[in-house]
Amino acid sequence: PSLSKPSPRESHKAKLDPVAEYEKERKSSQKQCLNMVVIGHVDAGKSTLMGHLLFKMGQVNQKTMHKYEQESKKVGKQSFAFAWVLDETGEERTRGITMDVGLSKFETKTKSVTLLDAPGHKDFIPNMITGASQADVALLVVDATRGEFETGFESGGQTREHALLARSLGVLQMGVVVNKLDNEGWSKQRFEEISHKISAFLTKHVGLRDADVVYIPCSGLTGENLISPPTNDALKSWYSGPCLVDVIEKFRPPERPVSKPLRLSVTDVFKGVSSLVNVSGKVECGFVQAGERLLIMPQAEQCILKAVACENASSGMTAFAGDQVVASLAGIEAQNVSLGSVLCEPQCPVPVATRFVARLVVFGIEIPITRGFPVIFHQNSMSEQAMVVKLIASVHRSTGEILKNKPRCLLKNSSALVVLEVARPICIELYKDVKELGRFTLRCSGATIAAGMITEIL
Ligand code: GDP
């Protein structure tokens, strides 16, 4: 079929104003969706904090919590009871429940929050690639205990790398949880000391604005300052700021680019009823309605969208930018759509390419990156073999100003413009057009070595 001839449904859609449609269907009735990633050094107390928060927000019933308490007592790890709340989620995830991870979602007055990473997982980095590249905001958890904060923040700790990674993947707002302050007698001085050190790092090296970062004294273990103002006298005597949930409540939800052309990226493919093929994925931009004819890239196959179900909307024949969806497709075979495929409107196909220019942020690597360096390219949940084929220039990490043309190699913690080549054609966009399809991470021998943004398609 011709690519340019619109179906009757499409000409109907062409008359719609995406923003007005979105407002009509969602704005009034719906809570704002927020994807939040929880980051920080191992043992900072991420699992305990989030488990306790979910419990307090009513996501875990008393009976289950009691069971965890009994079980953890039995194995002599009473303090782990809350962390187990999240481990359960971890199990559910490995069983493949990707659409509705019940336990790691919670609602505040105005927001529906999805926790993107099961913080119980010790190895955070691989999870980040599928999860946190979709994060809108981050909670950075640090252990306030004397000596522990220093270990996590200074040499070898993960605090800095996680913060840099989150920022490279598009996170612009952050809550810094100064956790375990119970261990420090709720000392104001300790809280301020830590806040100042982190603030200097986040503004100077990570590139976050001070106004977009909030510092919260907490204890994930005792539950102090999680969902209500402090009750502890020592903390009450000097702190009158927001509790953790207030901070989450005040995060600005990301803008939903509903007026841009449709890009629905596929994260899973499974068999639907009769001959339908079901895909799950995320509408990165634009909007889509059941009945539309769509183009699958890079396969260049056409299909009809029979139905679309949104995770976060009760009514569902239309899905908008930001929605996680399951779409039922007719007129194609399952082998013609894959992880990393992008569904778009036939009149406005997503760019497909194998070579592009990108700005890289290099992490703490051991071996410098040179020309011809083989890597695995990760974008959302897609991965592909790739190679750094050209080092154009090394650039300043925060300003982007060129420091040296044609460098011989890229050292750890540097930033550079490079040409990348992937083994097979993939769907990409410039970062400035569609962030979600314009950013990626690079891995090598099981480690994340860089994050990047696509600046030019060759
Ligand atoms: P994660 O690796 O960041 O997920 O950390 P965990 O949640 O597993 O916690 C690591 C250890 O710190 C456990 O022994 C917890 O009981 C302890 N812990 C966590 N939160 C607190 C807290 O707020 N205060 C104190 N004193 N200990 C905590």
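Before reading on, note that the structure itself is shown above.
The text that follows walks through the structure, step by step, so that each part is easy to find. (Residues numbered from 1 in each chain as written. Predicted model: local features only at pLDDT ≥ 70, side-chain atom pairs only at ≥ 80, totals over all residues. Heavy atoms only, no water.)

1. Focus: helix α9 (residues 188-206)
In an α-helix, one full turn covers 3.6 residues, which means residues spaced three or four apart are oriented alike. With 19 residues, α9 extends 25 Å between its outermost C-alpha atoms, agreeing within 8% with the 27 Å of an ideal straight helix rising 1.5 Å per residue. The complete set of buried residues in α9 reads Arg190, Phe191, Ile194, Ser195, Ile198, Ser199, Phe201, Leu202 and Val206. For α9, the side-chain oxygen to backbone nitrogen distance between the N-cap and Gln189 is 3.3 Å, and the N-cap itself is Ser187. At the exit of α9 stands Gly207, carrying a positive phi of roughly 85°. (Helix = DSSP H or I, 4+ residues; strand = E, 2+ residues; numbered from the N terminus. Expected span 1.5 Å × (residues − 1). Buried < 20%, exposed > 50% of the residue type's maximum accessible area, 1.4 Å probe, protein only. Polar contact = N/O pair within 3.5 Å; in protein donor to acceptor, adjacent residues only side chain to side chain.)

2. Considering the sheet that holds strand β7 (residues 263-271)
With antiparallel pairing, the six strands of this closed barrel are ordered in space as β7-β8-β13-β11-β10-β14. Taken over all neighbouring pairs, the strand axes of this sheet differ in orientation by 45° on average, direction set aside. (Pairing = 2+ DSSP bridges. Axes fitted to C-alpha atoms, helices over the stretch in contact; angles between N-to-C directions.)

3. Focus on the packing of aromatic side chains
Applying the stated rule across the entire model yields 10 aromatic pairs. Where Phe287 meets Phe320, the ring centres are 5.7 Å apart and the plane angle is 10°; that geometry is what we call stacked. Residue Phe287 is found in strand β9 (residues 287-289), and its partner Phe320 is found in strand β12 (residues 318-320); the two are separated by 33 residues along the sequence. Side by side, Phe287 and Phe320 carry an identical accessibility label, which is buried. Within the aromatic cluster, the residues linked to one another by ring pairs are Tyr22, Phe287 and Phe320. In this arrangement the basic side chain of Arg160 is found over the ring face of Phe153, its NZ or CZ atom lying 4.2 Å from the centre. Directly above the aromatic system of Phe201 lies the positively charged group of Arg160, at a separation of 4.8 Å from the ring centroid. (Phe/Tyr/Trp six-rings, centres within 6.5 Å; stacked < 30°, edge-to-face > 60°. Lys NZ or Arg CZ within 6 Å of the ring centre and 35° of its normal.)

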